[in-house]
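The lines below spell out each chain.
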Amino acid sequence: MKPFTYERASTPVQAATAVARQPMARFIAGGTNLLDLMKLQIETPAHLVDVNGLALDKIAPTADGGLRIGAMVRNADLASDERVRRDYGVLARALLSGASAQLRNRATTAGNLLQRTRCPYFYDTNQPCNKRQPGSGCAAIDGISRQLAVVGSSRACIATHPSDMAVAMRVLDAAIETVRADGRQRVIPIADFHRLPGDTPQLETALEPGELITAVTLPKPTGGTHIYRKVRDRASYAFALVSVAAIVQRDGTGRVALGGVAPKPWRIEAADALLPTGAKAVTARLFAGAQPTRDNAFKLPLAERTIAAVLTQARA
Ligand code: SF4
């Protein structure tokens with residue numbers, strides 16, 4: 001690991017200022033992803049700004065009947081919150097399907113949104129990777145790509161976003177609250193938060209340098225049946241090959257988002273409208289323009305079968 005300096009921030013603006021003034025500075029919260037990346041020298045921050053001491057660890061109701069989740073709320077605490085379990089079951093289930101109990105005790109809401117891809121070539125510094133080293137190429141495109149993206153990818157990068165939580169938040173229409181070094185705050189809809197790779201896969205979110213996530217808000221509950229179904233190579237502690245987050249109402253209408261198939265949580269609102277007609281039409285709309293590789297073309301029929309199973313479960 002490369003040497004780095006460290007400070008504890010006492011306010012969100014102080015934290016944002018400390019990171020904004022040094023290009024090689026990073027926030028650290030749970031550290032469950034960043035520390036691994038630092039040990040492998042994929043991330044080499046010169047300065048860490050610890051945000052664990054900020055008072056951002058509360059879950060509170062919003063004035064419009066939703067829920068505001070502090071950026072530092074641990075994944076385990078969010079999954080076990082009575083209001084989340086009752087009104088946002090898809091989120092509780094997605095959280096519990098991710099990582100391990102130990103990691104969920106440490107990982108934070110903001111950190112989960114910001115975790116980096118698990119593309120194996122991203123972690124192998126002997127291989128070209130446009131995300132790790134812009135302009136170096138992409139070893140995955142002609143390499144082993146079974147786990148990687150089938151839609152939303154580019155000629156520069158076919159990595160997937162690894163989060164389960166973010167897929168549930170996408171189907172819930174969450175919004176991300178942030179603060180910048182000058183104190184300005186903004187709210188980013190989750191649909192706009194994660195970027196597609198295009199020619200710049202190293203840019204993964206809409207955040208500006210030094211911009212700190214302070215909270216995630218969920219709108220008023222929609223009711224309906226909440227399902228999160230994750231298909232993976234082993235029963236626990238594995239990333240999704242395909243995951244489906246769905247909220248289905250009694251009349252068959254609803255929403256659906258996918259994980260494990262794209263560089264960001266994958267939801268096409270026009271596909272939601274097709275839910276009453278069945279999984280085939282929904283899948284076709286979600287994967288319009290898909291460019292699977294030889295290794296991962298199986299994800300398209302797998303996604304259709306998983307959506308069909310979720311709709312059957314919802315009807316039952
Ligand atoms: Fe890197 Fe993306 Fe290619 Fe993986 S898919 S090697 S993360 S550029």
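The structure we're discussing is the one just above.
Overview of the structure. Residue indices begin from 1 for each chain and proceed along its sequence in written order. In keeping with the model being predicted, local features are shown solely for residues with a pLDDT of at least 70 and side-chain atom pairs are shown and tallied solely at 80 or more, while totals for entire chains, interfaces and linings include all residues. Side-chain metrics rest on all non-hydrogen atoms present in the structure, leaving aside hydrogens and water.

On to the side chain of Ser163. In DSSP terms, a helix is any run of H or I states spanning at least four residues, a strand is any run of E spanning at least two, and both are numbered starting from the N terminus. Mapped onto the secondary structure, Ser163 falls in the loop between helix 7 (109-114) and helix 8 (165-171). Only 2.6 Å separates the side chain of Ser163 from the side chain of Asn112, close enough to count as a polar contact. The contact partners of Ser163, leaving out residues within four places of it in the chain, are Asn112 and Gln115. Distance and chemistry together define a polar contact, namely a pair of N or O atoms within 3.5 Å, with one atom able to donate a hydrogen and the other to accept it when in protein, and with adjacent residues in sequence counting only for side-chain atoms on both sides. Contacts are assigned to residue pairs that have any heavy atoms within 4.5 Å of one another.

Here a residue is considered near a molecule or strand provided that any single heavy atom belonging to it is located within 4 Å of it. Near the ligand you find 13 residues, and of these Cys119, Cys129, Cys138, Cys157 and Ile158 are the closest. Each residue gets one label: Ala, Val, Leu, Ile, Met, Phe, Trp, Tyr, Cys and Pro are nonpolar, Asp, Glu, Lys and Arg are charged, and the others, such as Gly, are polar. Counted by class, the shell around the ligand contains 11 nonpolar, 1 polar and 1 charged residues.

Taken together, Met1, Phe4, Tyr6 and Leu35 make up a surface patch of nonpolar side chains, about 350 Å² in accessible area. Considering the arrangement of structural elements, one finds Tyr6 in strand 1 (residues 5-8). Residues forming no salt bridge and having over 30% relative accessible area are the ones grouped into patches, like charges within 9 Å of each other and nonpolar side chains (Val, Leu, Ile, Met, Phe, Trp, Tyr) within 5 Å. To be clear on the numbers: accessible area is Shrake-Rupley with a 1.4 Å probe, and residue cover counts the displayed protein chains and nothing else. By salt bridge we mean one thing: a side-chain nitrogen of Lys or Arg within 4 Å of a carboxyl oxygen of Asp or Glu.

The next point concerns the pairing of strand 11 (residues 254-259). The buried label goes to any residue with under 20% of its type's maximum accessible area, the exposed label to any with over 50%, and the partly exposed label to all in between, with areas taken from a 1.4 Å probe on protein chains only. Counting buried positions along strand 11 gives 5 out of 6 residues, so the element sits mostly inside the fold. For two strands to be treated as a pair, DSSP must find no fewer than two bridges joining them. The pairing of strand 10 (residues 242-248) with strand 11 spans 6 bridges and is classified as antiparallel. Within the sheet, the bridge partner assigned to Ile247 lies in strand 11 and is Arg255. What sits between strand 10 and strand 11 in their antiparallel hairpin is a turn of 5 residues, with Gly252 showing a positive phi close to 90 degrees.

What follows concerns the sheet that holds strand 5 (residues 67-70). Spatially, 5 strands are ordered 4-5-8-6-7 in an open sheet, and the strand pairing comes out antiparallel. Because the sheet does not close on itself, it has two edges, and the strands there are strand 4 (59-61) and strand 7 (185-189). In this sheet, adjacent strand axes meet at a mean angle of 25 degrees when their direction is disregarded. Note: strand 6 (residues 175-179) against strand 8 (residues 212-218), 5 bridges, orientation antiparallel. In this description, a line fitted to the C-alpha atoms serves as the axis of each element, helices being fitted only across the stretch in contact, and the angle between N-to-C directions of two axes falls anywhere from 0 to 180 degrees.

This part takes up the packing of aromatic side chains. Only Phe, Tyr and Trp rings are paired, with Trp represented by its six-membered ring, and only when their centres lie within 6.5 Å; those with planes under 30 degrees apart are stacked, over 60 edge-to-face, the remainder tilted. Within the structure shown, the criterion is met by 1 aromatic pair. Summarising the aromatic geometry, the rings of Phe122 and Tyr123 are spaced 5.3 Å apart at their centres and angled 85 degrees between planes, so their arrangement reads as edge-to-face. Given a relative accessible area of 1%, Phe122 falls into the buried group. On the basis of relative accessibility, which here comes to 21%, the residue Tyr123 falls in the partly exposed class.

Our focus in this paragraph is unusual backbone geometry. The bulk of non-glycine residues show a negative phi, and the bulk of peptide bonds are trans. Phi at Ala99 is positive, roughly 55 degrees, even though this residue is not glycine. Given the relative accessible area of 35%, Ala99 is considered partly exposed.

Next up on the list: the sheet that holds strand 3 (residues 47-50). As a general point, the strands of a sheet are linked pairwise by backbone hydrogen bonds and lie either parallel or antiparallel. Strand order in the open sheet formed by 3 strands is 1-3-2, with parallel pairing between adjacent strands. Either end of the sheet is taken by a strand with one partner, and the two such strands are strand 1 and strand 2 (25-28). Averaged over all neighbouring strand pairs, the angle between strand axes comes to 25 degrees, with direction disregarded. Across 4 bridges, strand 1 lies against strand 3 in parallel orientation. Opposite Tyr6, over in strand 3, you have Leu48 as the bridge partner. Relative to strand 2, helix 1 (residues 12-20) is tilted by about 150 degrees, and along the sheet it contacts strand 1, strand 2 and strand 3.

Glancing now at helix 11 (residues 279-286). Residues of helix 11 that are buried include every one of Ala279, Val282, Thr283 and Leu286, and no others. The buried residues of helix 11 all sit within an arc of 95 degrees when viewed along its axis, so they share a single face. Exposed residues lying more than 90 degrees from the buried face of helix 11 are Lys280 and Ala284. Packed against the buried residues of helix 11 are strand 11, helix 10 (269-272) and helix 12 (299-315). Think of it as the arc spanned by the lines of direction from the helix axis to the C-beta atoms.

Right, let's talk about the nonpolar core for a bit. Within this scheme, the nonpolar core is defined by two criteria: the residues are buried Ala, Val, Leu, Ile, Met, Phe, Trp, Tyr or Cys, and they are joined through side-chain atoms within 4.5 Å. Core analysis: the biggest nonpolar cluster contains 48 residues, and Leu78, Leu91, Leu113 and Met169 have the highest contact counts within it. Looking at which element gives the most residues to this core, the answer is helix 8, with 6 residues. Once you skip the residues sitting within four places of it in the chain, Met169 turns out to touch Ile69, Leu78, Leu91, Thr109, Leu113, Ala174, Ile190 and Val216. Counting 25 residues, the second largest nonpolar core, distinct from the first, contains Trp266, Phe287, Leu302 and Ala314.

Another aspect to go through is helix 12. If you check helix 12, its first and last C-alpha atoms are 24 Å apart, about what 17 residues at 1.5 Å a residue would give, namely 24 Å. Packing partners of the buried residues in helix 12 comprise strand 9 (225-231), strand 10, strand 11 and helix 11. A helix is expected to span 1.5 Å multiplied by its residue count minus one.

A separate point is the packing of helix 11 against helix 12. For any two helices packed against each other, the geometry is given by the interaxial angle and the distance between the axes. For the pair helix 11 and helix 12, interaxial distance at closest approach is 9 Å and the crossing angle is 135 degrees. If you check the angle between helix 11 and helix 12, you find them oblique. Of the two possible hands of crossing, helix 11 and helix 12 adopt the one that is right-handed. Along its contact with helix 11, which presents Ala279, Lys280, Val282, Thr283 and Leu286, the element helix 12 presents Leu300, Glu304, Ile307, Ala308 and Leu311. Split into classes, the residues belonging to the contact of helix 11 with helix 12 amount to 7 nonpolar, 1 polar and 2 charged. With respect to orientation, any angle under 35 degrees is reported as roughly parallel, any angle over 145 as roughly antiparallel, any angle of 65 to 115 as roughly perpendicular, and every other angle as oblique. Crossing handedness is defined as follows: a turn of the near helix away from the far one that is anticlockwise and smaller than a right angle gives a left-handed crossing, while the clockwise case is right-handed.

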